[in-house]
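The residues making up each chain are set out below.
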Amino acid sequence: MSGLWFLSVGFGSVIEQMFATRIRPETAFSAADLAREDERIDRLIAEYEQSPPEPEAPFLPEGVESWPADPILAILLSRIDLSGLSGRDRVRFLQAQERLNAAGNAATMAALHSVSDAYDQLAEDIEDPAAGASMETRAALGWTRRTADANLALAHDLIERLPAVFDLLGAGRIDLARAKVIIGSTAHLPIAHARAVVAALGDDALSMTTGQLRVRLRRLCLEVDPDSIRLEQDRAVSDRRLTSWTEADGTLSLLLTGLDPIRGQEIIDRISQIARHHRTADE
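The structure displayed is predicted, hence computed values, not measured ones.

1. Brief notes about the side chain of H188
Now for step 1: Within the secondary structure, H188 is located in the loop between α8 (176-185) and α9 (191-201).
Now for step 2: Using a relative accessible area of 17% as the deciding quantity, one classes H188 as buried.
Now for step 3: At a separation of 3.5 Å, a polar atom in the side chain of H188 contacts the main-chain carbonyl oxygen of S185.
Now for step 4: Excluding residues that lie within four positions of it along the chain, H188 makes contacts with C221, S228, I229, E232 and R235.

Pasting the structure below:
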């Protein structure tokens with residue numbers, strides 16, 4: 001066993017004990033000393049094999065939930081066994097993973113926009129570049145036409161209309177749901193006003209729920225452009241619609257959108273009146 005110098009680092013304390021006496025260049029060992037050393041090493045290895053140490057628990061660095069959403073974070077998280085983490089660390093892992101997901105969504109948006117841009121460059125040769133980009137995206141990702149068109153429009157708004165929101169998404173500071181709320185809540189504003197609203201929003205979006213964010217954005221839109229809400233309402237009313245569909249249980253559902261608030265309440269009252277009139281004794 002005198003030649004057993006290279007052991008896996010998994011032996012931990014065994015290696016430390018071996019090298020504590022083995023590496024002494026100033027000491028001259030006799031044959032008897034080497035024999036005793038070999039016996040000691042054999043004994044240590046036997047003890048290790050009989051009761052190997054418990055594997056170390058997965059280690060999640062402090063503050064990892066605030067790390068930049070980059071390949072380093074992706075590599076770290078890919079090597080973590082969630083089952084070995086404490087409850088607190090599992091939540092921190094979730095936060096870090098969401099940052100990566102947001103950055104990945106931003107990369108997807110950038111890729112979608114690049115496809116659209118490539119078709120725009122062929123505008124002289126293609127009658128409808130937007131339709132071409134939509135068709136290309138649908139074929140590549142298996143999306144419906146509505147999904148492809150919606151995501152291409154979102155990518156355009158993030159990169160061209162409100163790049164500050166795209167930067168927040170790319171850094172993992174907001175998720176895609178919040179980004180969509182910001183884009184949708186400022187869609188009726190001129191670009192300059194929409195960017196002013198985003199600037200006024202500041203870091204508030206980082207800690208708000210999507211519901212809180214909508215309320216905050218509505219107030220900011222009123223402050224930046226007082227006439228915007230009225231114009232938005234007029235536009236929505238002009239696009240009002242009634243949709244119906246059959247549910248899985250065979251019943252019919254109705255959806256009314258874009259109604260004037262007063263007229264909408266009158267419709268609700270009228271439907272309630274009809275429902276009460278047709279109510280049976282069992283209801």
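2. Overview of the packing of helix α6 (residues 145-161) against helix α7 (residues 163-170)
Now for step 1: It is at 5 Å that the axes of α6 and α7 come closest, and there the two elements cross at 105 degrees. Our classification of the angle between α6 and α7 gives roughly perpendicular. Here L158, I159, E160 and R161 of α6 lie close against α7, whose contacting residues are P163, V165, F166 and L169.
Now for step 2: Of the residues belonging to the contact of α6 with α7, the class tally is 6 nonpolar, no polar and 2 charged.

3. What to know about the pattern of salt bridges
Now for step 1: Under the definition given, this model contains 9 salt bridges.
Now for step 2: A salt bridge links R145 to D149; the nearest nitrogen and oxygen atoms lie 3.9 Å apart. Taken together, the residues R145 and D149, both in helix α6 and 4 residues apart, mark about one turn of the helix.
Now for step 3: Assessed through its relative accessible area of 56%, R145 is described here as exposed.
Now for step 4: The closest approach of N and O atoms between D175 and R178, which form a salt bridge, is 2.9 Å.
Now for step 5: Under the relative-accessibility criterion, D175 is labelled partly exposed at 21%.

Reading the values: rules and limits
- Residues numbered from 1 in each chain as written.
- Predicted model: local features only at pLDDT ≥ 70, side-chain atom pairs only at ≥ 80, totals over all residues.
- Heavy atoms only, no water.
- Helix = DSSP H or I, 4+ residues; strand = E, 2+ residues; numbered from the N terminus.
- Buried < 20%, exposed > 50% of the residue type's maximum accessible area, 1.4 Å probe, protein only.
- Polar contact = N/O pair within 3.5 Å; in protein donor to acceptor, adjacent residues only side chain to side chain.
- Contact = heavy atoms within 4.5 Å.
- Axes fitted to C-alpha atoms, helices over the stretch in contact; angles between N-to-C directions.
- Parallel < 35°, antiparallel > 145°, perpendicular 65-115°, else oblique.
- Nonpolar A, V, L, I, M, F, W, Y, C, P; charged D, E, K, R; others polar.
- Salt bridge = Lys/Arg side-chain N within 4 Å of Asp/Glu carboxyl O.

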